[in-house]
Amino acid sequence: MMSPRCLLASALCLVSVAATAAPGSLDPTFNGSGWIALNADDGRGETVCLDNQGRIAIAASRLDGSAYRAYLLRLSASGVLDTGFGGWRPIGASSAGFPQSPAIVCASDRYAVASVEAPVNNVFPVRLDIVPHSGTGASSSLLNQGLNGWSMRVGLTQLISNSWIIAAGLGSGPATGALQRWDGANAPLSFQGTYSGNSGTQVSYREVLVGADGNLYAIGRRTANNTQGVAGVVSSFNSAGQLRTSFANNGHYLQESAGDDYGQRLAPSLQSGKFYAAFQELGPSLQQTIRVQRLNFNGTLDASFTGASGLFRPGELGDLIEDAQGRVLLAGRDEQGAAFVTRFTANGIVDFSFGVQGTATFGFGSTGASFRGIALDAQGRIILVGARTETVRGNSIVPDALIVARLLP
């Protein structure tokens, strides 16, 4: 018969395991601590995906001398930087001179990374690099469409008909929302995907999604004129790049609140015929609020997801994803400057079984941190990339760093 002391020890062990396995806690099997800091001058993980071997591919940016540049990094599934793949592997041919937000897609045998180059005649060209999983034989191409100065982010889809769809604003004249189809080697493929809106309208797309219906969905912002605020916009195109006028209101869904609304992120849903659109709202008093809505493929709101208004959370939006149980994970930076992940149920209600009251927050030893990209591995574990800011603790300095973390589901 087991002694009372052994029974007590076993009970404590079970409690310890249960506490370690709490949803939203750091996974200690990842780099021994659940996270890794890759020190670099103002280094940031922007977007992340997992390849077919479970390796973590990251589109990152960092200060390279006096200018910023985009990079591709690859980590093992256990959180070790793959120096054999090139470590901090530069993307494109030049530094851009400003903070970038490159995008990445993991295809079956290669990675696609879209970034922004240094401006030429006030136009910021978009570059697409295709890097095989082996790391050799990479190709790099400049697109003939660029970004304008007030939209420094480019969107990139998964492969569609052996090519990628890239979302960008035009760099000359009134900002025009545009999608371009590109295979990374040849001239841009025949494709329309342009929305200039009404006279005086300025449009810029920041992300694009291929829906389960085969159509394209792009999110961004629209500025009507100098007297009206900024509205978030979701537009839909068919696979040939033609505007789907049957979607929402003549092809476009607008999100307008009392402040300014910026369309930021799109994510697919397991709910049939639906997808998520995430907006950053800047209120009249400059408070930042994240709004997430679930839309039907016809452009109407899914009212079963917290009603017509969607879900709200204070803070700065990083990214979102839906897990295999239909729960929504929202990541970013909270009002206190900490990196956060909040989990919601399939109908948009906070999941209190996750973290503390539904939210897991992290500072990573610094006074400021943020999550900017999110992915899920085959076990449902949550992969996050972002950054922490430099801070002084006692007589030492905690340097800024690119952060990669893995949380338990």
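In the block above lies the structure referred to throughout.
Residues numbered from 1 in each chain as written. Predicted model: local features only at pLDDT ≥ 70, side-chain atom pairs only at ≥ 80, totals over all residues. Heavy atoms only, no water.

Draft legend 1. Quick look at the pattern of salt bridges. Tallied over the entire structure, the rule returns 18 salt bridges. Residue Arg-265 is joined to Asp-319 by a salt bridge in which the shortest nitrogen-to-oxygen separation is 3.7 Å. Separated by 54 residues along the polypeptide, Arg-265 in strand E18 (residues 260-268) and Asp-319 in strand E22 (residues 316-322) bring together distant segments of the chain. For Asp-319, a relative accessible area of 8% corresponds to the buried category. Salt bridges sharing partners connect three or more residues here, namely Asp-27, Asp-377, Arg-381 and Arg-406. (Salt bridge = Lys/Arg side-chain N within 4 Å of Asp/Glu carboxyl O. Helix = DSSP H or I, 4+ residues; strand = E, 2+ residues; numbered from the N terminus. Buried < 20%, exposed > 50% of the residue type's maximum accessible area, 1.4 Å probe, protein only.)

Draft legend 2. Structural context of the nonpolar core. Counting residues in each nonpolar core, the largest one holds 20 residues, and the members touching the most others are Val-126, Leu-128, Leu-147, Leu-156, Trp-164 and Ile-166. At the level of elements, strand E6 (103-106), strand E7 (110-116), strand E8 (124-132), strand E9 (139-147) and strand E11 (164-169) are the ones that each hand at least two residues to this core. Here this core gets 4 residues from one element, more than from any other, and that element is E8. (Core = buried A, V, L, I, M, F, W, Y, C linked by side-chain atoms within 4.5 Å.)

Draft legend 3. Representation of the environment of Val-233 within the structure. Residue position: Val-233 is located in strand E16 (residues 230-237). Residue classification places Val-233 among the buried residues on the basis of a relative accessible area of 0%. Distance in space between the C-alpha atoms of Val-233 and Glu-256 is 8.9 Å, their sequence separation being 23 residues. Beyond its immediate sequence surroundings of up to four residues, Val-233 is in contact with Tyr-205, Ala-218, Ile-219, Gly-220, Arg-221, Arg-222, His-252, Tyr-253, Leu-254 and Phe-279. (Contact = heavy atoms within 4.5 Å.)

From the geometry alone we can't say anything about function, so treat these as descriptive.
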